[in-house]
Structure formats: structure tokens, C-alpha cells
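What follows is the residue order along each chain.
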Amino acid sequence: MGLLDGKVAIITGAGGGLGEAYAKLFAREGAAVVVNDLGGARDGSGADVSAAQKVVNDILAEGGRAVANGDDVSTMEGGENILKTALDNFGQVDILVCNAGILRDKSFANTSEQDWDLVVKVHLKGTYCCTMPVWKWLKDNGRPGTIIMTSSTSGLYGNFGQANYGAAKAGIYGLMRVLSIEGRKYNIRVMGLAPGAFTRMTADLPGRQGKEPDPMSLPENIAPGVLYMASDLAADHSGKVLGVSSRGVREIKMLQTDGFNPGRPYTAQDVADHADKVFFPAAQERTAASA
């Protein structure tokens, strides 16, 4: 018996890398899977649905159930068509994994408006465009569901040369937090994912060129953490971000210090004088940034 028996999952950007690993594992665990992928290059150019179809063919060869979809996640029409693919082929949807993304990494001063707009459109707007139709269908049909949104340590902690990507991923974190609150009324769980993996998207990032990947950073070794999030094993968890990487699985959360509040009007100098209460210790900041 699989963890996802009887469930239907939509996974965006599933023509390769992490999304492909999720799709194949979900199918092995009993889910029918909509494998969405526009089939473009890493920078978002081009389109070719054959990548999604290849993943579907692999799933079918193993006896699973899957169908390909090549719609653009960054348009509302695309999001609606992705949901329609699930309903037309499998009659329902239970799980949405928003995984599709692109990279256009440059230092901020060299980031063009087009680089900014396209990355934000695919990641942040794409998460909205895919979530909204699924959210409405679950709500209107009184169905429980699980939505997993892909954030990133680049958005949660920051990373040099990824201002556009980090801003989009931080926005996804905010969207996830809000929807986890709104979803309580409808029994819709919403969680965030900050994956760390060796894929086409990350293979040539600084420090990785020419190096053999850590086997634990390969997509198939990240996917079990996402399966956990999508399954009833995580039924008690919503509004949380899990970091899933070669370092294992861990929750990432926003914290605040006890702070400084004298109970009276205070000056900027007062804040400076109580900096030890306002700020986290520097060593703790370094630990978080390296996570």
C-alpha cells in the first residue's frame, strides 16, 4: 500500500530534475500524476513538452498513472489548463507541488528589468496561477488538499547574485504563510519547501563546476522529504518550511529576539545601548546563513 494511494498530484516543472524525481516517487506511492513542464531552457526560453512526456512514459512503463501537460505556469490560463488536465484525466486533484522555475543570475547592478520580471513571473506569479485554480476547486468541492510551494534559502537567507530569484522565493514564503492560515477553514494544508539539490539549475553555480555531486544531493534523494510533506504523515503540519538537502530534513522558521521595550518613549541611542537585546548574537546569524 502506497502513501499516496487514491490521490491525484499535479507537479509543475516535472520534466527533469527535482520535479521528475517527485513525479516518479509519487507515482510509485500510488498517486496519479500530472507531469507539467513547458520544456524551456534554464533561463526560461523555448518550449518543448517532450520532456514531460518522457517522464510520463517512464511512469507508465513502471505501471503507474500519469499524463503530460505543457502549459505555462506563469499565466492564469496555463494554471487553469493544468487543473483541467488533472480533472479530465483523473477526475480530481489532491496535491499540488509548485516546483517550476528558472534562473537568470546576475549581480543586482547587472540585472535587467526583463531578468527581474521573468524570474518573478515564473516563480511567484507562477505559484499564484497554479495555486488559485486548485485552491478554488478544493474549496468549492469541500475536498481536503495539500499544496507545497517551493521557496529557497536564497529567499529566506539571501544569496549573492540572486536578487530577482531571492525576492520571488521570499514572496512565495509570504504567500505560503497566508494561505496556511486561510486554508484551516477548508482543510487545505500549505507548506513551503527549500530544497538543496544537484540539478541542471544548480550544476554550474559557484563552487560546483567540475565537481562530482554529493550522492545525497541528487533529486531522487531529496524526493522522500517532499513525499512526506504531501502524504498524510504530515497531516498535522501546515504553514511550515522544510529544508530538504544532503544535510537532511529540517524546519526553517522566522524568529525574533525578546527585544527592547522600555515602556516609554525612547531614543535611537537607547536602541543602540540595548543592541544585545534587539539583535541575535552574530554567531547565531552566521549559523543561520550557512544552513
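Just so it is clear, the structure is predicted and the values come from calculations on it, not from any experiment.

1. Digging into the environment of proline 144
(1) Moving on: Looking at where proline 144 falls in the secondary structure, it is placed in the loop between α4 (113–140) and β5 (145–150).
(2) Moving on: Using a relative accessible area of 44% as the deciding quantity, one classes proline 144 as partly exposed.
(3) Moving on: Put simply, proline 144 and arginine 189 are 45 residues apart on the chain and 7.9 Å apart in space, counted from C-alpha to C-alpha.
(4) Moving on: If we ignore the near neighbours within four places in the chain, the residues touching proline 144 are Leu138, Tyr186 and Asn187.

2. Considerations on the packing of aromatic side chains
Here the distance between the centres and the angle between the planes together describe a pair of aromatic rings.
(1) Moving on: Tallied over the entire structure, the rule returns two aromatic pairs.
(2) Moving on: Their ring planes at 85 degrees and their centres at 6.3 Å tell us that tryptophan 135 and tyrosine 186 sit as a pair that is edge-to-face. Taken as a pair, tryptophan 135 in helix α4 and tyrosine 186 in the loop between α6 (163–182) and β6 (188–195) lie far apart in primary sequence, 51 residues in all.
(3) Moving on: We classify tryptophan 135 as buried; its relative accessible area is 8%.
(4) Moving on: Of the residues examined, tyrosine 186 reaches a relative accessible area of 26% and is grouped as partly exposed.
(5) Moving on: Aromatic pair phenylalanine 260 and tyrosine 266: ring centres 5.8 Å apart, planes at 70 degrees, arrangement edge-to-face.
(6) Moving on: Residue class for phenylalanine 260 comes out buried when judged on its relative accessible area of 17%.

3. Things to note about the packing of helix α1 (residues 17–28) against helix α7 (residues 219–230)
Two quantities define a packed helix pair, namely the angle between the helix axes and the distance between the axes.
(1) Moving on: Running from N to C, α1 and α7 cross one another at 60 degrees; their axes reach a closest spacing of 8 Å. Taken together, the axes of α1 and α7 lie oblique to each other. Seen from above, α1 lies across α7 with right-handed handedness. Residues Gly17, Leu18, Ala21, Tyr22, Leu25 and Phe26 of α1 form the contact with α7, whose own contacting residues are Pro219, Glu220, Ile222, Ala223, Pro224, Val226, Leu227 and Ala230.
(2) Moving on: For the contact of α1 with α7, a count of residues per class yields 12 nonpolar, one polar and one charged.

Rules used throughout
Residues numbered from 1 in each chain as written. Predicted model: local features only at pLDDT ≥ 70, side-chain atom pairs only at ≥ 80, totals over all residues. Heavy atoms only, no water. Helix = DSSP H or I, 4+ residues; strand = E, 2+ residues; numbered from the N terminus. Buried < 20%, exposed > 50% of the residue type's maximum accessible area, 1.4 Å probe, protein only. Contact = heavy atoms within 4.5 Å. Phe/Tyr/Trp six-rings, centres within 6.5 Å; stacked < 30°, edge-to-face > 60°. Axes fitted to C-alpha atoms, helices over the stretch in contact; angles between N-to-C directions. Parallel < 35°, antiparallel > 145°, perpendicular 65-115°, else oblique. Left-handed = near helix turned anticlockwise from the far one by under 90°. Nonpolar A, V, L, I, M, F, W, Y, C, P; charged D, E, K, R; others polar.

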